[in-house]
Number of protein chains: 2
Amino acid sequence: MGRWPEGARTRLEAAALALFVEQGFAETTVPQIAARAGLTTRTFFRHFADKREVLFAYQAELPDVVREVMADAPQSASALEVISVSMRKLAETKFDGRRDYLLAYQAVIDADAGLRERGLRKMSILSEAIGRGFRDRGMDDLGATLAAHTAVTVFSVALDRWLAAVDETSLSVHVSDTLAALQSLTTPEA
Amino acid sequence: MGRWPEGARTRLEAAALALFVEQGFAETTVPQIAARAGLTTRTFFRHFADKREVLFAYQAELPDVVREVMADAPQSASALEVISVSMRKLAETKFDGRRDYLLAYQAVIDADAGLRERGLRKMSILSEAIGRGFRDRGMDDLGATLAAHTAVTVFSVALDRWLAAVDETSLSVHVSDTLAALQSLTTPEA
């Protein structure tokens, strides 16, 4: 894809989010989104099936990003190391520096039951992609499934804490802290 | 509540599930469910808001069941012990012995995107209830949230494996096995 279509996609995402925040998801139409982005409705539909898809386009990219990062991790790394490296990389490349955008995004999702459920479904798709990544590394099915759930838990708990915090701590630091807390929880006392 | 209303509720749940399996969720109407149960539509609406609620009534009870079990666990128990005891108790009291019913239930949910998303949302409500249970036991917010996610992960992974298995292993044994696998995953190698 050339340079302009990518630009159009990003502009449509930003325009949609701004309108959802201003006037609500249900009240916003595709022609309004296209107009705000300075584009035609036809261009909108070249990029997205509907206004719900434009909202989840960002989240839809995450499985591919994570799979790439996991494939780069050395084969000798433990599951916990892979979770740590890949979730911190995801935080750094796709989240850190975009906190205001993500806060607005979260507010739109939280305001609509259908969107909340769709968001949970997208998290489950991410979990399945991570599970495949662990199976590709040779883990058995149970271990890969649990590792994937653990990765998603660590990331989503860290994300909630990062979005709720008032300080400047990065999401990748929250990911490290959350993983450490999970380890102390699941390690039997000596 | 007296004996008959409870009986009506259970009969409506069984009738609804049978019809959803036979002819699909979208194609089934409330009057059909009531007729199959030998009851009136009016009785249906005394128990459930709509046909979706009758499907999720069973799952909706789980948070209360779990909270009760957690409150019974000794105060000295570690988070892992509480997860183990409460998830095994949930398995024994609400799931073991009902595998055929739950397989049919799962097939109906899996066949409809809206139902899948609603099911995920119900799991998130269960996770929130477990988190409150851990906070009531004096855990800090991060620990309680992670313990709740861990409990739900262990239970739902064990449930999937139990439903997919061809042998007679009980769900409570799958819960124990899954918890052990999670511990070996998150314990750093010596």
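Because the structure is predicted, anything quoted here is derived from the model rather than measured. Throughout, residues of each chain are indexed from 1 in the direction in which the sequence is written. In the order they appear in the text, chains get letters beginning with A and ligands get numbers beginning with 1. Since the coordinates come from a predicted model, pLDDT governs what is reported: local features require at least 70, and pairs of side-chain atoms require 80 or more to be given and counted, while whole-chain, interface and lining totals use all residues. Side-chain numbers come from the whole structure's heavy atoms, not from hydrogens or water.

**Q** Help me understand the relation of the copies chain B and chain A, please; the structure alone is not making it clear to me.
**A** Put simply, the second copy of the chain is the first one after a rotation about an axis and a shift along it. Fitting of the copies onto one another was done by least squares over C-alpha atoms, counting residues only where both copies have pLDDT of at least 70. With an RMSD of 0.1 Å, the operation that places chain B on chain A is a rotation of 180° combined with a shift of 0.0 Å along the axis. On this basis, the relationship between the two copies can be described by a two-fold rotation axis. In terms of proximity to the rotation axis, the leading residue of chain B is Glu117 of chain B, whose C-alpha is 2.4 Å off the axis. Interface residue correspondence from chain B to chain A reaches 100%, placing this contact among same-surface, isologous pairings. Only heavy atoms matter for contacts: two residues are in contact if any of them lie within 4.5 Å across the pair.

**Q** Just to check I follow, could you spell out helix H10 (residues 171-186) of chain A for this structure?
**A** Only DSSP runs of H or I with at least four residues qualify as helices, and only runs of E with at least two residues qualify as strands; both kinds are numbered from the N terminus onward. For a helix, the expected span equals 1.5 Å multiplied by the number of residues minus one. Its 16 residues place the ends of H10 of chain A 22 Å apart at the C-alpha level, agreeing with the 22 Å of an ideal helix rising 1.5 Å per residue. For each residue, the accessible area found with a 1.4 Å probe, counting protein chains only, is set against the maximum for its type, and the residue is called buried under 20%, exposed over 50%, and partly exposed in between. Buried within H10 of chain A are the following residues: Leu171, Ser172, His174, Val175, Thr178, Leu179, Ala181, Leu182, Leu185 and Thr186 of chain A. Buried-residue contacts for H10 of chain A involve helix H6 (79-95) and helix H9 (141-164) of chain A together with helix H6 (79-95), helix H9 (141-164) and helix H10 (171-186) of chain B.

**Q** How do you make sense of the pattern of salt bridges when you look at a structure like this?
**A** Side-chain pairs of opposite charge can arise whenever the charged atoms involved come near each other. All names here are of chain A. We define a salt bridge as a side-chain nitrogen of Lys or Arg found within 4 Å of a carboxyl oxygen belonging to Asp or Glu. Across all of its chains, the model carries ten salt bridges over all chains by this definition. With its nearest N and O atoms 2.6 Å apart, the salt bridge here joins Arg67 to Asp136. Within this pair, whereas Arg67 is found in helix H5 (residues 62-72), its partner Asp136 is found in helix H8 (residues 113-136), the two being separated by 69 residues in sequence.

**Q** I tried to follow the domain arrangement of chain A on my own but got confused; where do I start?
**A** For interface size, the figure often reported is the accessible area lost on association. Residues and elements named next belong to chain A. For the domains described, the bounds stem from an automatic or database domain assignment. Assigned domains within chain A: domain 1 (3-50) and domain 2 (61-186). Buried area adds together the accessible area that both of two parts lose upon being put together, with accessible area traced by a 1.4 Å probe. Around 530 Å² of area is buried between domain 1 and domain 2 when both sides are counted, 76% of it from carbon and sulfur atoms. Our count for the contact surface shared by domain 1 and domain 2 stands at zero salt bridges. N or O atoms within 3.5 Å of each other form a polar contact, as long as, within protein, one can give a hydrogen and the other can take it, and as long as residues adjacent in sequence are counted only when both atoms are side-chain atoms. Taken together, the connections running from domain 1 to domain 2 amount to zero residue pairs in polar contact (both at pLDDT 80 or more). When its residues are assigned to classes, the side of domain 1 that touches domain 2 shows four nonpolar, no polar and one charged. Under this grouping Gly is polar, as are all residues other than the nonpolar Ala, Val, Leu, Ile, Met, Phe, Trp, Tyr, Cys and Pro and the charged Asp, Glu, Lys and Arg.

**Q** Would you mind going over the interface of chain B and chain A with me for this structure?
**A** Contacts between the two partners involve 32 residues from chain B and, on the opposite side, 32 residues from chain A. For the pairing of chain B and chain A, the buried interface totals around 2700 Å² over both sides, and the portion due to carbon and sulfur atoms is 68%. Three residues stand out in chain B for area buried against chain A, namely Glu117, Leu146 and Leu185 of chain B, and they jointly supply 23% of the buried area on that side. Where chain B touches chain A, the interface holds zero salt bridges. Across the chain B-chain A interface, the total number found is zero residue pairs in polar contact (both at pLDDT 80 or more). With twelve residues, the top contributor of residues to the side of chain B that touches chain A is H9 of chain B.

**Q** Which parts of the structure should I look at to understand the UniProt feature "DNA-binding region" (unreviewed entry) in chain A?
**A** UniProt positions are given in the numbering used here, feature names are shortened, and annotations may be inferred rather than shown by experiment. UniProt annotation of "DNA-binding region" (unreviewed entry) refers to residues 29-48 of chain A when read in the numbering used here. Annotated as residues 29-48 of chain A, this span is 70% helix and 0% strand, and its ends, taken at the C-alpha atoms, are 13 Å apart.

**Q** Can you help me understand the packing of aromatic side chains in this one?
**A** Residue and element names in this part refer to chain A. What counts as a ring pair is set by centres within 6.5 Å for rings of Phe, Tyr and Trp (its six-membered ring), and what kind of pair is set by the plane angle: stacked under 30 degrees, edge-to-face over 60, tilted for all other angles. Summed over all chains, the structure comprises twelve aromatic pairs over all chains. Residues Tyr58 and Phe95 carry aromatic rings whose centres are separated by 5.9 Å and whose planes lie at 70° to one another, so their mutual orientation is edge-to-face. Placement of Tyr58 in helix H4 (residues 51-60) and of Phe95 in helix H6 is noted, with a sequence separation of 37 residues between them. The burial state of Tyr58 is the same as that of Phe95; both residues are buried. We note Arg98 situated over the ring of Tyr101; from NZ or CZ to the ring centre the distance is 4.5 Å. Any Lys NZ or Arg CZ found within 6 Å of a ring centre and within 35 degrees of that ring's normal is scored as a charge over the ring.

**Q** Got a minute to help me understand the environment of Phe134 of chain B in this structure?
**A** Residue and element names in this part refer to chain B. Checked against the element boundaries, Phe134 lands in helix H8 (residues 113-136). Take Phe134: its relative accessible area is 1%, and that puts it in the buried class. With residues near it in sequence (within four places) discarded, Phe134 still touches Met70, Ala79, Val82, Ile83, Met139, Ala144, Ala147 and Ala148.

**Q** In this structure, what is going on with the packing of H5 of chain A against H8 of chain A? I would like to understand it.
**A** Relative orientation and spacing of two packed helices are given, respectively, by the angle between their axes and the distance between those axes. Residues and elements named next belong to chain A. Structural elements are reduced to axes, namely lines fitted to C-alpha atoms, with helices fitted over the stretch in contact, and the angle between N-to-C directions of any two is expressed from 0 to 180 degrees. Direction vectors running N to C along H5 and H8 enclose 20°, while the axes themselves pass 9 Å from each other. With respect to each other, H5 and H8 are oriented roughly parallel. Two packed elements cross with a definite hand, and for H5 against H8 that hand is right-handed. On H8, the residues that touch Leu62, Pro63, Val66, Arg67 and Met70 of H5 are Ile125, Leu126, Ala129, Ile130, Arg132, Gly133, Phe134 and Asp136. Classifying every residue of the contact of H5 with H8 by side-chain character gives nine nonpolar, one polar and three charged. Roughly parallel means an angle under 35 degrees; roughly antiparallel means over 145; roughly perpendicular covers 65 to 115; every other angle is labelled oblique. Two helices cross in a left-handed way if the nearer one is turned anticlockwise from the farther one by less than a right angle. They cross in a right-handed way if the turn is clockwise.

**Q** When you look at the packing of H5 of chain A against H6 of chain A in this model, what are you seeing that I'm missing?
**A** Residue and element names in this part refer to chain A. At a minimum axis separation of 9 Å, H5 and H6 run at an interaxial angle of 130°. In terms of their interaxial angle, H5 and H6 are classed as oblique. The handedness of the crossing between H5 and H6 is right-handed. Contacts between H5 and H6 involve Leu62, Val65, Val66, Val69 and Met70 from the first element and Val82, Val85, Ser86, Met87, Lys89, Leu90, Thr93, Lys94 and Phe95 from the second. Considered class by class, the residues forming the contact of H5 with H6 number ten nonpolar, two polar and two charged.

**Q** Any chance you could explain the confidence of the model for chain A here in plain terms?
**A** Low-confidence regions, as indicated by low pLDDT, have predicted coordinates that should not be scrutinised in detail. Per-residue confidence for chain A gives a mean pLDDT of 90, with 95% of residues at or over 70. As a per-residue measure, pLDDT reflects the predictor's confidence and takes values from 0 up to 100. Of all helices and strands in chain A, the one with the weakest mean pLDDT is helix H1 (residues 3-23) of chain A (85), whereas helix H2 (residues 30-36) of chain A scores best (97).

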